[in-house]
Amino acid sequence: MSRPRTQAEYLARLVPSSVAGVNRRTLLAGAAGAGSLLGTGLLAGCGGSDSGGSDSKTVSMGSNASDPTPKDVLAKLSGAFKTASGVEVAINTVDHNTFQENINNYLQGKPDDTFTWFAGYRMRFFAERGLAGDVSDVWGKLSGFSDAFKKASTGDDGKQYFVPFSYYPWAVFYRKSVWQQHGYQVPKSLDELTTLSNQMKRDGLVPIAFADKDGWPAMGTFDILNLRINGYQFHIDLMAGKESWTSDKVKKVFDTWAGLLPLHQPDALGRTWQEAAQSLQQKKSGMYLLGLFVAQQFNADEQDDIDFFTFPEIDPAIGAKALDAPIDGYMMARKPKSEANAKKLLEYIGGVDAANIAVKTDPGTLVANTAADTSGYSALQKKAAELVGSATEIAQFLDRDTRPDFASTVIIPALQQFIKDPKDIDGLTNSIENQKKSIFTS
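Here the structure is a predicted model, which is why all the values come from computation and not from measurement.

Definitions and cut-offs
- Residues numbered from 1 in each chain as written.
- Predicted model: local features only at pLDDT ≥ 70, side-chain atom pairs only at ≥ 80, totals over all residues.
- Heavy atoms only, no water.
- Helix = DSSP H or I, 4+ residues; strand = E, 2+ residues; numbered from the N terminus.
- Buried < 20%, exposed > 50% of the residue type's maximum accessible area, 1.4 Å probe, protein only.
- Areas by Shrake-Rupley, 256 points an atom, 1.4 Å probe, with all protein chains shown as cover.
- Phe/Tyr/Trp six-rings, centres within 6.5 Å; stacked < 30°, edge-to-face > 60°.
- Lys NZ or Arg CZ within 6 Å of the ring centre and 35° of its normal.
- Expected span 1.5 Å × (residues − 1).
- Arc of directions from axis to C-beta.
- Pairing = 2+ DSSP bridges.
- Axes fitted to C-alpha atoms, helices over the stretch in contact; angles between N-to-C directions.
- Contact = heavy atoms within 4.5 Å.
- 1 Å grid on protein atoms, 1.4 Å probe; cavity = no way out; pocket = protein on both sides within 12 Å on 5 of 7 lines; lining within 4 Å.
- Points joined across faces, edges and corners; volume = space filled by probe spheres on them.
- Nonpolar A, V, L, I, M, F, W, Y, C, P; charged D, E, K, R; others polar.
- Core = buried A, V, L, I, M, F, W, Y, C linked by side-chain atoms within 4.5 Å.

**Describing the overall build of the chain**
Part 1 of the argument: Of regular secondary structure, the chain possesses 20 helices and twelve strands.
Part 2 of the argument: Each of the 442 residues in the chain was classed as buried or not, and the buried ones make up 59%.
Part 3 of the argument: By element, 47% of the accessible surface of the chain is carried by carbon and sulfur atoms, the whole surface being about 16,700 Å².

**Quick word on the packing of aromatic side chains**
Part 1 of the argument: Scanning the entire structure with this criterion turns up 30 aromatic pairs.
Part 2 of the argument: Ring centres 6.3 Å apart and planes at 75° place the aromatic pair Trp-170 and Phe-293 in the edge-to-face group. Here Trp-170, found in strand 5 (residues 170–175), pairs with Phe-293, found in the loop between strand 7 (285–291) and strand 8 (306–309); they are 123 residues apart in sequence, far enough to count as distant.
Part 3 of the argument: Look at Trp-170 and you get buried, because its relative accessible area is 4%.
Part 4 of the argument: Taking relative accessible area as the criterion, Phe-293 reaches 0% and is therefore assigned buried.
Part 5 of the argument: Note on Tyr-174 and Phe-309: the rings are 6.0 Å apart at their centroids and 40° apart in plane angle, and the pair reads as tilted. Of the two residues, Tyr-174 is situated in strand 5 and Phe-309 in strand 8; the sequence distance between them amounts to 135 residues.
Part 6 of the argument: A relative accessible area of 6% places Phe-309 in the buried class.
Part 7 of the argument: Positioned above the aromatic ring of Phe-125 is the side chain of Arg-129, whose terminal nitrogen or guanidinium carbon lies 3.7 Å from the ring centre.
Part 8 of the argument: Seen from the ring of Phe-308, Lys-383 lies directly overhead, with NZ or CZ sitting 4.8 Å from the centre.

**Some details on helix 10 (residues 190–202)**
Part 1 of the argument: Its 13 residues place the ends of helix 10 19 Å apart at the C-alpha level, agreeing with the 18 Å of an ideal helix rising 1.5 Å per residue.
Part 2 of the argument: Among the residues of helix 10, Leu-190, Leu-193, Leu-196, Ser-197 and Met-200 are the ones counted as buried. For helix 10, the arc enclosing every buried residue in end-on projection is 120°, short of the 170-degree limit, so these residues lie on one face. Of the exposed residues in helix 10, those oriented more than 90 degrees away from the buried face are Asp-191, Thr-195 and Arg-202.
Part 3 of the argument: Positive phi appears at Gly-204, one or two residues downstream of helix 10, with a value of about 85°.

**Remarks on the sheet that holds strand 5**
Part 1 of the argument: Read across the sheet, four strands follow the order 6-7-5-8 without closing on themselves; strand pairing throughout is mixed. Edge strands, defined here as strands with exactly one partner in the open sheet, are strand 6 (206–209) and strand 8. Direction aside, the axes of adjacent strands within the sheet are offset by 30° on average.
Part 2 of the argument: Bridge analysis of strand 6 against strand 7 gives three bridges, and the strand direction is parallel. Bridge assignment links Ala-209 to a residue of strand 7, and that residue is Tyr-288.
Part 3 of the argument: Helix 10 contacts strand 6, strand 7 and strand 8 of the sheet and is inclined by roughly 130° relative to strand 7.

**Focus on empty space enclosed by the protein**
Part 1 of the argument: The calculated volume of the second largest cavity comes to roughly 90 Å³.
Part 2 of the argument: Residue lining of the second largest cavity: Val-172, Leu-193, Ile-208, Thr-221, Leu-260, His-264, Met-287, Tyr-288, Leu-289 and Phe-311, and that is the complete set.
Part 3 of the argument: Sorting elements by how many residues they give to the lining of the second largest cavity places strand 7 first, with three residues.
Part 4 of the argument: In terms of residue class, the lining of the second largest cavity is made up of eight nonpolar, two polar and no charged.

**Regarding the nonpolar core**
Part 1 of the argument: Counting residues in hydrophobic clusters, the biggest one holds 138 residues, and the most contacted among them are Trp-245, Phe-254, Trp-257 and Tyr-288.
Part 2 of the argument: The element contributing the most residues to this core is helix 19 (residues 404–420), with nine residues.
Part 3 of the argument: When residues no more than four places from it in sequence are discounted, the contact partners of Trp-257 are Phe-210, Ala-218, Thr-221, Phe-222, Leu-225, Leu-415 and Phe-418.

Next up, the structure:
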């Protein structure tokens, strides 16, 4: 599959700096659990016998929105859609990890009419393989999306296969009250970040909350270090299989990370991102590198106490303007039982009314439709929108910027092995490179 080299041109400036303003999970959930879930039909699709035909009043959706807040958003969207159209949405909610682990088999079997998914390489991957439906005619009815969002929803054949709904930047989050109590200042360099972290340790805090039980959170740390050390283009080319994992550039990323690991929350492989976020919420940790969805773990009266800064620069020649800002949204199955209703639903989801529901319900994301009423954004959301608008290059996140099979079978276990034992960087990078060659040439 071809990989665009100009992702910065269409993903940067997702929103203007003047804007008033998915959960992510792993691809690797475990073969035994995945098999048993498939066997019970939990991810077999529920398009069902009553969702076909021109007179159908039902449309099905496969959903990875298993956490409370995104699940609530989707429930409200579905209710509002039924009121507007008379069509009921049958939601097939599956644990986020399991959904992503089994997405390939799901799409090749009997998927729901529509399903939750992501923009970027992983959307194009399934579109190219004929596992997603063309929704170009839906896009002909949508408004409020920038060219950047449309391009991020377009397959290699020039057709649209994705309707964006929300997005969120990754940054370093902290509680303002904790920082004010100790007099901490936002670090501008890696040295300052290290100095700050050591001071936090002396103050009895875990400097950097950290979790990787589900496999994907550590990808965010690799992404930002690679972006800061080697720059955006090298990062995108590495994800595309065009650069070697055994290069000195990649080894420098792991070496830098190894030096930072003692500042991270220990025993990360046994902790979920929610548990790490709760340590920040409970004022036990000083910082947390994560997506804006971290705000979902804070109470309503704590939202104004959350702030963030973009990860500081490491190389002044590269700077600190690049970041991860993934786009979440919805797709249609290649042969939905109720195509007309599926497209009606996607058109509604891409509209202003749906976006306004998200603004009121989820403090951890930003809506993609620029016509939405964002006056309800919190200060945190406004700042996040401005951060994305000021970025010079934007990546979609490691497991969205590379082949799904490479991310799940190679990168997840490799990064978890590194976290357990960061000493053998040569052995680690050699293993990744050898497996990469096999996968990318298959």
